[in-house]
Amino acid sequence: MGTTTEERVAIVDAVRDFADSELAPHALEWDAAKHFPRETLQRAGALGLGGIYVREDVGGSGLSRSDAVAIIEELAKGDPSIAAYITIHNMVAWMIDTYGDESQRQQWLPTLTAMTDLGSYCLTEPGAGSDAAAITTSAVRVSDAEGEGYVLTGVKQFISGAGEAAVYIVMARTGELGARGITAFLVPDGTRGLSFGANEKKMGWNAQPTRQVILDQVRVPASAVLGSVGQGFLIAMSALNGGRISIAACSLGGAQWALDRAIRYVHERFTFGEPLADKQAVVFALADMATELQAGRALVRDAAIALDEREPDAVMQCAMAKRFATDAGFRVANESLQLHGGYGYLQEYGIEKVVRDLRVHQILEGTNEIMRVIIGRELLHTRTLRSETMAS
């Protein structure tokens, strides 16, 4: 359900207060210590941020995607790393809310929306990144003394929240090669055979853990299937549409924070007898940075509306928004660092952290090269259909 303008302003104001008080003061410390702030996430859950667009009967906030991108941008101004994890957690909750049966919804969503439990999304594998339909993690149907079920075997790579989550949505192959042979499973933490690799040493996103998820003959009951058998790839891709505009909003928030710091700095910093703000090259740079962020914001807003209204070109709009906003966000953050000179390279100023955090947004939820593939194919497909319609 959408909100009125006044309601959205009130929600965003509350989220801004949360980001200013609960995220921003600790962001540098969490990054340096590689600390995952579970208590802070629970407070985010109490504010309604654990199920932003999950239905209200299981504790969700019942908001729209348009509301969500505004919320996520504000969170990212406090800490892009934690904001990004919250988007992934919300994606997991949405998948269960949208494709789960009533038993699955009632089992998982009350605690996921409160963020007393956390979720992880397991699609990528060591040998299957951009080509997601090529995953090899297997799910073999079994019937034994425990009843009907599946045995999952494989490794998932680059999984945010791994080792901390209560439930893992695992994409595994139940049938033929390609997209139609993939099924989604709900795998609870503590299931026998489920283990995790070491926390990866990363360039950014240090405040959230990233590990391999290792499935060594993990047996789950048939009731662990999310949606229907063979529907997993469709579920994964539908989730990524929302994930793309969410990570785009994260980029906008982090970059806006960096731009605001740059604007303040160029007023304070004097060179050759005058403030940097008086130099035309600096003025032009700031103008371009602000323009790029505003353009990205418009694309993200339109893509969110397209998802809310189920417009036929929503997939393409999400890809466009993700490609443009994450590229623009990184450029703006990097240019903000440049405007700070050597100080931008120092940890205490916070700019270099944002640069590190935003860099991965151009890679995950589908690389920006894959976004171009999606956009280009959609354009060519639409053009072909129009030509065929005109010819007939």
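*Asks:* Please provide a residue-by-residue account of the overall build of the protein chain, values included.
*Replies:* When its secondary structure is counted, the protein chain shows 11 helices and 10 strands. Rg of the C-alpha trace for the protein chain: 22 Å, near the compact-globule value of 21 Å for 392 residues, within the 12% margin. Overall, the protein chain is about 80 × 60 × 40 Å in size when its C-alpha atoms are taken along their principal axes. Burial statistics for the protein chain: of 392 residues in total, 52% are counted as buried.

*Asks:* So, the packing of aromatic side chains: which residues are in play, and what are the values?
*Replies:* Taken as a whole and assessed by the stated rule, the structure comprises 5 aromatic pairs. A cation over an aromatic ring shows up here: Arg65 above the ring of Trp94, its NZ or CZ 5.0 Å from the ring centre. Between Arg359 and the ring centre of Phe330, over which it is positioned, the NZ or CZ distance is 5.7 Å.

*Asks:* Describe the side chain of Ser160, naming the residues involved and giving the relevant values.
*Replies:* Its place among the elements puts Ser160 in strand 3 (residues 147-160). Within the local environment of Ser160, its side chain forms a polar contact with the side chain of Gln208, the two groups lying 3.0 Å apart. Residues within four places of Ser160 in sequence aside, it is in contact with Tyr85, Ile88, Ser120, Trp205, Gln208, Pro209 and Thr210.

*Asks:* Give a description of a nonpolar patch on the surface that names residues and reports values.
*Replies:* A surface patch of nonpolar side chains, amounting to about 250 Å² of accessible area, comprises Tyr343, Leu346 and Tyr349. As for its position among the elements, Tyr349 is in the loop between helix 9 (314-339) and helix 10 (351-359).

*Asks:* So what's going on with the environment of Val218? Residues and values would help.
*Replies:* Secondary-structure assignment places Val218 in strand 7 (residues 210-221). Measuring from C-alpha to C-alpha, the distance between Val218 and Gly154 comes to 9.4 Å, with 64 residues separating the pair along the chain. Setting aside residues no more than four positions away along its own chain, Val218 makes contact with Tyr150, Val151, Leu152, Val187, Thr191, Arg192, Gly193 and Leu194.

*Asks:* Can you tell me about the environment of Ile96, naming the residues and giving the values?
*Replies:* Structurally, Ile96 can be placed in helix 5 (residues 80-99). Taking relative accessible area as the criterion, Ile96 reaches 0% and is therefore assigned buried. In sequence terms Ile96 and Gln106 are 10 residues apart; their C-alpha atoms lie 9.8 Å from each other. When near neighbours in sequence (up to four residues on either side) are disregarded, Ile96 contacts Gln104, Arg105, Trp108, Leu109, Leu112, Ile169, Leu186 and Leu226.

*Asks:* Quick rundown of unusual backbone geometry? Include the residues and the values.
*Replies:* Here the phi dihedral of Trp205 falls at roughly 50 degrees; this positive angle occurs in a residue that is not glycine. Counting through the fold element by element, Trp205 comes out in the loop between strand 6 (194-196) and strand 7. Of note, the phi angle at Phe272 is positive, near 50 degrees, even though the residue is not glycine. Relative to the elements of secondary structure, Phe272 occurs in the loop between strand 9 (270-271) and strand 10 (274-275). With relative accessibility at 85%, the residue Phe272 sits in the exposed group.

*Asks:* Can you tell me about the nonpolar core, naming the residues and giving the values?
*Replies:* Counting residues in each nonpolar core, the largest one holds 93 residues, and the members touching the most others are Leu75, Met95, Tyr121, Ile169 and Met171. Element by element, the count of residues in this core is highest for helix 7 (residues 232-268), at 17 residues. When sequence neighbours within four positions are dropped, the list of residues in contact with Tyr121 reads Met91, Val92, Met95, Ile159, Ile169, Met171, Ala236 and Leu240. Among the nonpolar cores identified, the runner-up in size contains 19 residues, and Ala139, Ala162, Ala172 and Leu194 belong to it.

*Asks:* Could you give an account of the side chain of Asn241, naming the residues involved and the relevant values?
*Replies:* The residue Asn241 is located in helix 7 in this model. If sequence neighbours within four positions are ignored, Asn241 has contacts with Leu307, Val315 and Cys318.

*Asks:* Which residues make up the pattern of salt bridges, and what values go with them?
*Replies:* Two side chains that carry opposite charge are able to pair once their charged atoms sit near each other. Considering all chains together, one arrives at 25 salt bridges under this definition. Here Arg141 and Glu148 are joined by a salt bridge, their closest N and O atoms 3.2 Å apart. Under the relative-accessibility criterion, Glu148 is labelled partly exposed at 40%. The partner of Arg323 in a salt bridge is Asp327, with the nearest N and O atoms 3.0 Å apart. You can see Arg323 and its partner Asp327 sitting in helix 9, 4 residues apart, about one turn around the helix. We classify Asp327 as buried; its relative accessible area is 9%. The structure contains a network of salt bridges with shared partners spanning Arg55, Asp57, Asp97, Glu102 and Arg105.

*Asks:* Could you give an account of helix 7, naming the residues involved and the relevant values?
*Replies:* An α-helix turns once every 3.6 residues. As a result, residues three or four positions apart point the same way. Look at helix 7: 54 Å from first C-alpha to last across 37 residues, which is about the 54 Å you get at 1.5 Å a residue. The buried count for helix 7 comes to 28 of 37 residues, which makes it a mostly enclosed element.

Here is what the cut-offs are and how they apply
- Sequence order as written defines the numbering, with residues in each chain counted from 1.
- This being a predicted model, a pLDDT of at least 70 is required before a residue's local features are given, and a value of 80 or more before pairs of side-chain atoms are given or counted; all residues contribute to the totals for chains, interfaces and linings.
- In computing side-chain values, all of the structure's heavy atoms are included and hydrogens and water are not.
- Labels follow the DSSP assignment, with helices taken as runs of H or I lasting at least four residues and strands as runs of E lasting at least two, numbered in each case from the N terminus.
- With C-alpha atoms as the basis for the radius of gyration, the globule rule is written as 2.2 Å multiplied by the number of residues raised to the power 0.38.
- Relative accessibility under 20% of the residue-type maximum defines a buried residue, over 50% an exposed one, and the middle range a partly exposed one, all with a 1.4 Å probe and only protein chains included.
- Side-chain rings of Phe, Tyr and Trp (the six-membered ring for Trp) are treated as a pair once their centres are within 6.5 Å; stacked means planes under 30 degrees apart, edge-to-face means over 60, and tilted covers the remaining angles.
- A positively charged side chain is recorded as over a ring if its NZ (Lys) or CZ (Arg) lies within 6 Å of the ring centre. The angle to the ring normal must also be within 35 degrees.
- For this analysis, a polar contact is any N or O atom pair within 3.5 Å, provided that within protein one partner can donate a hydrogen and the other can accept it, and provided that sequence-adjacent residues contribute only side-chain to side-chain pairs.
- Contacts between residues were defined by any pair of non-hydrogen atoms, one from each residue, lying within 4.5 Å.
- Here the term patch refers to residues with relative accessible area over 30% and no salt bridge, with like charges joined within 9 Å and nonpolar side chains (Val, Leu, Ile, Met, Phe, Trp, Tyr) within 5 Å.
- A 1.4 Å probe and the Shrake-Rupley method give the accessible areas. Residues count as covered only by the protein chains that appear here.
- The salt bridge definition used is simple: a Lys or Arg side-chain nitrogen within 4 Å of an Asp or Glu carboxyl oxygen.
- Buried residues of nine kinds, namely Ala, Val, Leu, Ile, Met, Phe, Trp, Tyr and Cys, make up a nonpolar core once their side-chain atoms join them within 4.5 Å.
- Multiplying 1.5 Å by the helix residue count minus one yields the expected span of that helix.

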